[in-house]
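Structural description and commentary
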Amino acid sequence: MTVYLDSDYKIHLEPGEGLREITREELDPFLPEMLANCRLVPEGETWTRGDGTEFPGFMLAPWRNV
């Protein structure tokens, strides 16, 4: 599945300004509506939470409760 990441690693389902395209087979089983509420950190990259905790990729996790 192809998704688009913003600078905070949040998944978007459509391309847009400032978003980068990522294609991952691991995402294929997931419903797009679920992925739109997730953060994806690719391998070799790290997302840093507001409290300074670092999360290295590959990581897929929800960023909001629905």
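Residues numbered from 1 in each chain as written. Predicted model: local features only at pLDDT ≥ 70, side-chain atom pairs only at ≥ 80, totals over all residues. Heavy atoms only, no water.

**A word on the overall build of the chain**
Stated precisely, the cut-off is as follows: Helical segments are the DSSP runs of H or I of at least four residues, strand segments are the runs of E of at least two, and each set is numbered from the N terminus. Only the C-alpha atoms count toward the radius of gyration. The rule for a globule is 2.2 Å times the residue count to the power 0.38. Each residue is placed in one exposure class: buried if its accessible area under a 1.4 Å probe, protein chains only, is under 20% of its type's maximum, exposed if it is over 50%, and partly exposed if it falls in between. Contacts between residues were defined by any pair of non-hydrogen atoms, one from each residue, lying within 4.5 Å. Here the accessible surface of atoms and residues is derived via Shrake-Rupley with a 1.4 Å probe, and residues count as covered only by protein chains that are part of the display.
Looking only at helices and strands, one finds 1 helix and 7 strands in the chain. Walking the chain from its N terminus toward its C terminus, one meets helices and strands in the order β-β-β-α-β-β-β-β. In terms of overall dimensions, the chain is globule-like: its C-alpha atoms have a radius of gyration of 11 Å, near the 11 Å expected for 66 residues. Based on the C-alpha atoms only, the size of the chain along its principal axes is roughly 30 × 25 × 20 Å. Looking at the chain as a whole, 26% of its 66 residues are labelled buried. Long-range contacts, defined here as pairs at least 24 residues apart, represent 37% of the contacts in the chain between residues at least 6 apart. A total of about 4400 Å² of accessible surface is found on the chain, and carbon and sulfur atoms cover 51% of it.

**Structural notes on the side chain of Arg39**
Filter applied, for reference: Throughout this description, a polar contact denotes any pair of N or O atoms lying within 3.5 Å of each other; where both atoms belong to protein, one of them has to be capable of donating a hydrogen while the other can accept it, and for residues adjacent in sequence the pair is counted only when both atoms sit in side chains.
Structurally, the position occupied by Arg39 is in strand β4 (residues 38-41). The class for Arg39 is buried, based on a relative accessible area of 8%. From its side chain, Arg39 meets the backbone oxygen of Asp8 in a polar contact 2.9 Å long.

**Let's talk about the packing of aromatic side chains**
Rule in force here: Centres within 6.5 Å make a pair out of two Phe, Tyr or Trp rings, where for Trp the six-membered ring is used; the pair is then stacked when the planes are under 30 degrees apart, edge-to-face when over 60, and tilted otherwise. Each ring is checked for a lysine NZ or an arginine CZ that lies within 6 Å of its centre and within 35 degrees of its normal; such an atom marks a charge sitting over the ring.
A full pass over the atoms with the stated rule returns 1 aromatic pair. One cation-aromatic arrangement involves Lys10 over Trp63; the distance from NZ or CZ to the ring centre is 4.0 Å. When the ring centre of Trp47 is taken as reference, the NZ or CZ atom of Arg39 above it lies at 3.8 Å.

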